[in-house]
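# Structural description and commentary
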Amino acid sequence: MYPNLKTLELAHIYFNLKVHKPEISVRPIVASINAPARQISSFLDQLLTPLYNYVAKDITFINSIDVIRKLKEYDQKGYLTSTTLFVIFDVTDLYTMIPRDGAIAALTRFCKKYSMNEKIGNLKIDTIIKLACVVLDTNKFAYKEKYYRQIKGGAMGSPFTMVLANIYMLEWEQKLIQHQHRQHEIYGRYIDDVFMTTNLTKEEILRELEETTKNDPNIKVTITINQALEYLDASIENNNGQLKTTIYHKTAWEPHILPYESDHPRHVHANIIYIMLVRAARICSTVEDFDTERLSAEMILLVNGYPPKFIQYHLKNFFLQFNATSTWTELNTVSYEKLHQTLLYKPTKRETKTNVQLNDQLIQNQNIYEHKDQIYLHYTFENGPLLNFKKEYRKIWQKYYVYPGSRLKHTRLILGTLLNRTLEDLLIHKRPRRDMLTGIKRTTDATHHTTAERFQYLDASIENNKGQLKTTIYHKTAWEPHILPYESDHPRHVHANIIYTMLVRAARICSTVEDFDMERLSAEMILLVNGYPPKFIQYHLKNFFLQFNAMSTWTELNSESYEKLHQTLLYKPTKRETKTNVKLNDQLIQNQNTNEHKDQIYLHYTFENGPLLNFKKEYRKIWQKYYVYSGSRLKHTRLILGTLLNRTLEDLLIHKRPRRDMLTGKKRATAATHHTTAEQFRQ
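These remarks concern the structure in this document. (Residues numbered from 1 in each chain as written. Predicted model: local features only at pLDDT ≥ 70, side-chain atom pairs only at ≥ 80, totals over all residues. Heavy atoms only, no water.)

### Re the sheet that holds strand 11 (residues 228-231)
- As summarised here, the arrangement of the three strands in space is 11-12-13, forming an open sheet in which the pairing is antiparallel. Edge positions in the sheet fall to strand 11 and strand 13 (242-247), since each has one partner strand and no second. Each neighbouring strand pair of the sheet contributes to a mean axis angle of 20 degrees, computed without reference to strand direction. (Pairing = 2+ DSSP bridges. Helix = DSSP H or I, 4+ residues; strand = E, 2+ residues; numbered from the N terminus. Axes fitted to C-alpha atoms, helices over the stretch in contact; angles between N-to-C directions.)

Here's what the structure looks like:
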C-alpha cells in the first residue's frame, strides 16, 4: 500500500459535461491514480466491495435487465394489478453529499455487523477505519494553479468512494426496504437511482418516503411516481395490469456509433450489430417493439457507413444462431417470446463478473496456473491489408513456432491493437503541469540525477542484482514495432543487415541468455509484423549463429555458448568506434589511401523492386566478362555500384527549407529585370 515514490504526485480535478441533463451540468472527476492514498483506496475497495455486494445482493440492480427480471417474477406472483404504481427516486450528488464523520460511523457499524472475530479478512476493524480516515483526509487536488482539499464526501475517481457511499446508503434505506418487503413489493438501487413498486395510493407512498428522507438532511432525493416511467435504459409501463417494457432513448441521444470506416478490426463492427440486437431482445417485451428497435438499429448502421450486405449478413446470423428467423421475417410472437426469454435470462458480462467476485478465491487459484507464459504483441491497426493481419499472423505462429517439441508450444500469443491518436488526444489537456502535482521544480539536465539499484541509461537497462550486474535492452514507452518494411524499394541486403544488427545489439547488451532469447523472439515478431517472410528471417538467423559458432545459444539456450557470443560482440569495435580510431590514425590512413583503389568508377542506379532486384549481380557478370579480361586497361579499376532510392511522399509534400533568396539575402530576379541583351553580350 506504499505509494510509488517515482510516480507519486498530487491528484488533479477535471469536469465531464452531463450532456443528457437539460441544464447541461458538470460531473467533477478527481484524477488520483498516482496520489499518495491511491493504493490504500484501492485496497479498501477490494476488501469491502465483495462483502457489500454479498450483503446487498437482493436490493442491488446490476442493470435494467435485472429490473425487468424482477418485474417478471413480481407479475407471475400476481402482485402486478391495474392500479400498481412504479416509483423512482434519484439521490442528489451521492458521492459528494456524505458527511465525513457520518460516513466513518456508518462504516464502523457495517464492519462490526458483518465481521468475524472483529476482523474483515485479515484486518482488524480499527485498522480499516484508520485507513478510511487516511483516504478521506487526503482528498487534495490541484486546479487552475491552486490547491484544494475536499472536506465533504469522497472524491469521484477514488475507488473507495463508491463502496463507502453504498454502505452509507444501505443504512439510510433500511426502513424503506423493510416496508417494501412487508408489502411484497420490489425495492432495488443502482448506485444513486432507486426503483420501487407499490400498490398504495400516491399520497400514502409519498408520506412513507418523506418519513425516510427526513431522518438524514444530507440526502436529498427527486421522486417520480407513475404507471409508466423510465429507469436506466428501459421504459416500463403498467398497461391495465400488463407489463410492457421497451428501450428508453434519452433526449440527448444521437445516432452515432463506431463508423464502419474507423481503424478497428472488422469483428468489432460485427459485435456492435450483435449487441444492439441482444439488447433489444432482452428489454422489449413485444415483437412489434423489438422490430422497431431492429429497424432503428439498421438505420443507425447505414448512417454510420455500414454496407447493407454486411448488415444483412450479421442480422441473418443472429436469428439463425437463436433459431428465430420467423421473428425477423414474419414477426412471429411465439418465436419472439422464446428469443426474449432465452436472452433475458442469459447472464450479462457484468453479472458474470459479479459471480466471479463472489467466488474470488477459486478464481485466484485458477489464475496462478492459467496462461503462465504469455507473449503480448501490439500493432497499430489500420484499414486495408491489415484487416486480415491477425488471422495471417496466427497461421505463421502455428506453423513456425508451435510445432511438436517447440519451447513455445505452451506459450499463449496475445495480439492486441493500438489505435491511432484522435483529435481529443492532441487538443484536450486536462492535466496540470507535472511540477505542480509533484512539488518538484523542473530541473535542467545538469541538476537532474537518478540513484537507484536499477535504472535506464541510453538504450540499456542496468541493474545491481545483489552484487550481480544485469543488463538488458531498454525500450522507451513511446517505442513502436516499426522498422523498414520488407516491401520497401531497398536492396535485399539492407533488410538482411537489419536482422543482423538487431541480433548484434541484443547480444552486446543482454547479460543473460534468457534476456537475449526474449529480445531475439521480440525481433522475430517485429520482423513478421513488418512483412518479412518467415523463411527469410530463419535463413538469416541461422547464418548469424553459424557465423559466431553459437547454434546451441539458439537451439538450447546454452549459457556457456551465449557468454562467448556476448563477450565476442561486446568487445568487437562498433562502427563509430572504428571511425574514431581512423581519425586518430588519420595520417596513416591517408598514406594507405594513396595506393589503395587508385582507379575507381562509381555507378548509381535507382533501385526498385521487381527485375532490378538482381541488377547488381548481373551487371558485375557483364563487367567481368567484357571489361576485366587479360590485357584490359580496366583490369585494376574498381567498380562501385551504388543505389538511389525513389523519392518518398515526405520528400514531395513536406518542405522544411525556406526559399533560397530568404536564406542568402539575394532578391529573386523577375523576368523584366533578368535578361541579357545582344549588345551586352557582344560587349
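Further notes follow.
### A word on a nonpolar patch on the surface
- A cluster of nonpolar side chains, namely F15, L17 and V26, defines an oily patch on the protein surface of about 270 Å² accessible area.
- Position of F15 relative to the elements: it lies in strand 1 (residues 11-17). (Patch = residues over 30% accessible without salt bridge, like charges linked within 9 Å, V, L, I, M, F, W, Y side chains within 5 Å. Areas by Shrake-Rupley, 256 points an atom, 1.4 Å probe, with all protein chains shown as cover. Salt bridge = Lys/Arg side-chain N within 4 Å of Asp/Glu carboxyl O.)

### Looking at helix 7 (residues 174-182)
- Among all positions of helix 7, only L176, I177, H179 and Q180 are buried. Buried residues of helix 7, viewed axially, fall in a sector of 160 degrees; they line one side.
- Looking at the packing, one finds that the buried side of helix 7 touches strand 3 (85-91), strand 8 (187-190), strand 9 (193-198) and helix 8 (202-213).
- Downstream of helix 7 by one or two residues, H184 has phi in the positive range, about 60 degrees. (Buried < 20%, exposed > 50% of the residue type's maximum accessible area, 1.4 Å probe, protein only. Arc of directions from axis to C-beta. Contact = heavy atoms within 4.5 Å.)

### Some points on the packing of aromatic side chains
- This model, assessed by the stated rule, comprises 27 aromatic pairs.
- Look at Y306 and F310: their rings are 6.2 Å apart centre to centre, the planes differ by 50 degrees, and that puts the pair in the tilted class.
- Each member of the aromatic cluster is reached from another via a ring pair, and the members are Y274, F290, F318, F319, F322, W328 and Y336.
- Its end group placed over the ring of Y260, R266 keeps NZ or CZ at 4.0 Å from the ring centre. (Phe/Tyr/Trp six-rings, centres within 6.5 Å; stacked < 30°, edge-to-face > 60°. Lys NZ or Arg CZ within 6 Å of the ring centre and 35° of its normal.)

### Considerations on the environment of L639
- The topology assignment puts L639 in strand 20 (residues 638-644).
- Each C-alpha atom of the pair L639 and R620 lies 8.5 Å from the other, and the pair is 19 residues apart in sequence.
- The residues contacting L639, other than those within four sequence positions of it, are I601, Y619, R620 and W623.

### Considerations on the pairing of strand 13
- Of the strand pairs in this sheet, strand 12 (residues 234-239) and strand 13 are connected by six bridges, and their pairing is antiparallel. Considered in strand 13, the bridge of S235 is made with T246.
- What sits between the antiparallel neighbours strand 12 and strand 13 is a turn of two residues, in which N240 has the positive phi angle 55 degrees.

### Here we look at the pattern of salt bridges
- Applying the stated criterion across every chain yields a total of 16 salt bridges.
- The partner of E73 in a salt bridge is K77, with the nearest N and O atoms 3.3 Å apart.
- A relative accessible area of 40% means that E73 is categorised as partly exposed.
- For K77, a relative accessible area of 52% gives the class exposed.
- If you follow the salt bridges from partner to partner, you end up with R100, D101 and D137 in one network.

### Description of the sheet that holds strand 9
- Overall, antiparallel pairing links the four strands, which are arranged 8-9-3-10 in an open sheet. This sheet does not close on itself; its edge strands, each paired only once, are strand 8 and strand 10 (221-226). Across this sheet, the average inter-strand angle for adjacent strands is 15 degrees, counted without regard to direction.
- When strand 3 meets strand 9, the two strands line up antiparallel, connected through six bridges. Residue pairing in the sheet places V87 in a bridge with M196 of strand 9.

### Things to note about the packing of helix 10 (residues 287-303) against helix 11 (residues 308-321)
- Running from N to C, helix 10 and helix 11 point in directions that differ by 150 degrees, and their axes come no closer than 10 Å. Put simply, helix 10 runs roughly antiparallel to helix 11. Handedness of the crossing formed by helix 10 with helix 11: right-handed. Mapping the contact onto sequence places F290, R294, E298, L301 and L302 in helix 10 and P308, I311, Q312, L315 and F319 in helix 11.
- Grouping the constituent residues of the contact of helix 10 with helix 11 by class yields seven nonpolar, one polar and two charged. (Parallel < 35°, antiparallel > 145°, perpendicular 65-115°, else oblique. Left-handed = near helix turned anticlockwise from the far one by under 90°. Nonpolar A, V, L, I, M, F, W, Y, C, P; charged D, E, K, R; others polar.)

### Focus on the nonpolar core
- Core analysis: the largest hydrophobic core is formed by 52 residues, its most contacted members being L107, F160 and M196.
- Ranked by residues supplied to this core, first place goes to helix 6 (residues 159-172) with nine residues. (Core = buried A, V, L, I, M, F, W, Y, C linked by side-chain atoms within 4.5 Å.)

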